[in-house]
Amino acid sequence: DLIDGKRILREIRLMRHFSHSNILMIRDLVPPAHPDHEDIYIVMDLMDTDMHRVIHSKQDLSDQHFQYFIYQLLRGLLYLHS
């Protein structure tokens, strides 16, 4: 789809531009092996976990946990807007 392709290209351009500890960076792009394929693989850093797993884990989260999460999100957001 042309619209999806434009959105993906925009995301790739933005992610290649940013270099910050709170924003995922693109390490590499792997093009399709065959011209008829429509997939492109984006290589990023391996993360230990994601926010969904942390929030829905059995571990009780303290106020300090939430403050740290919000702090990290705001640092990334500040970088994006600076």
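This part takes up a nonpolar patch on the surface. Together, Ile8, Leu24, Ile40, Ile42, Met44 and Met47 give the surface a local cluster of nonpolar side chains, amounting to about 490 Å² of exposed area. For Ile8, the position within the fold is in helix α1 (residues 2-17).

Counted at 1.5 Å a residue, the expected span for helix α3 (residues 63-81) with its 19 residues is 27 Å, and the 27 Å between its end C-alpha atoms agrees. Here α3 has its buried residues at Phe69, Gln72 and Gly76. Buried residues of α3, seen end-on, are gathered within an arc of 65° and therefore sit on one face of the element. Turned more than 90 degrees away from the buried face of α3 sit Asp63, Gln64, Gln67, Leu74, Leu78 and His81, all of them exposed. Check the buried side of α3 and you find it contacts α2 (51-55).

What follows concerns the pattern of salt bridges. By the definition in use, this model includes one salt bridge. Asp45 serves as the salt-bridge partner of Arg27, at 2.7 Å between the closest nitrogen and oxygen. Placement of the pair is Arg27 in strand β1 (residues 26-30) and Asp45 in the loop between β2 (41-44) and α2, with a sequence separation of 18 residues. Judged by relative accessible area, Asp45 falls into the partly exposed class, the value being 35%.

Cut-offs and rules
Residues numbered from 1 in each chain as written. Predicted model: local features only at pLDDT ≥ 70, side-chain atom pairs only at ≥ 80, totals over all residues. Heavy atoms only, no water. Patch = residues over 30% accessible without salt bridge, like charges linked within 9 Å, V, L, I, M, F, W, Y side chains within 5 Å. Areas by Shrake-Rupley, 256 points an atom, 1.4 Å probe, with all protein chains shown as cover. Salt bridge = Lys/Arg side-chain N within 4 Å of Asp/Glu carboxyl O. Helix = DSSP H or I, 4+ residues; strand = E, 2+ residues; numbered from the N terminus. Expected span 1.5 Å × (residues − 1). Buried < 20%, exposed > 50% of the residue type's maximum accessible area, 1.4 Å probe, protein only. Arc of directions from axis to C-beta. Contact = heavy atoms within 4.5 Å.

Interpretation in functional terms is not warranted from these geometric data alone.
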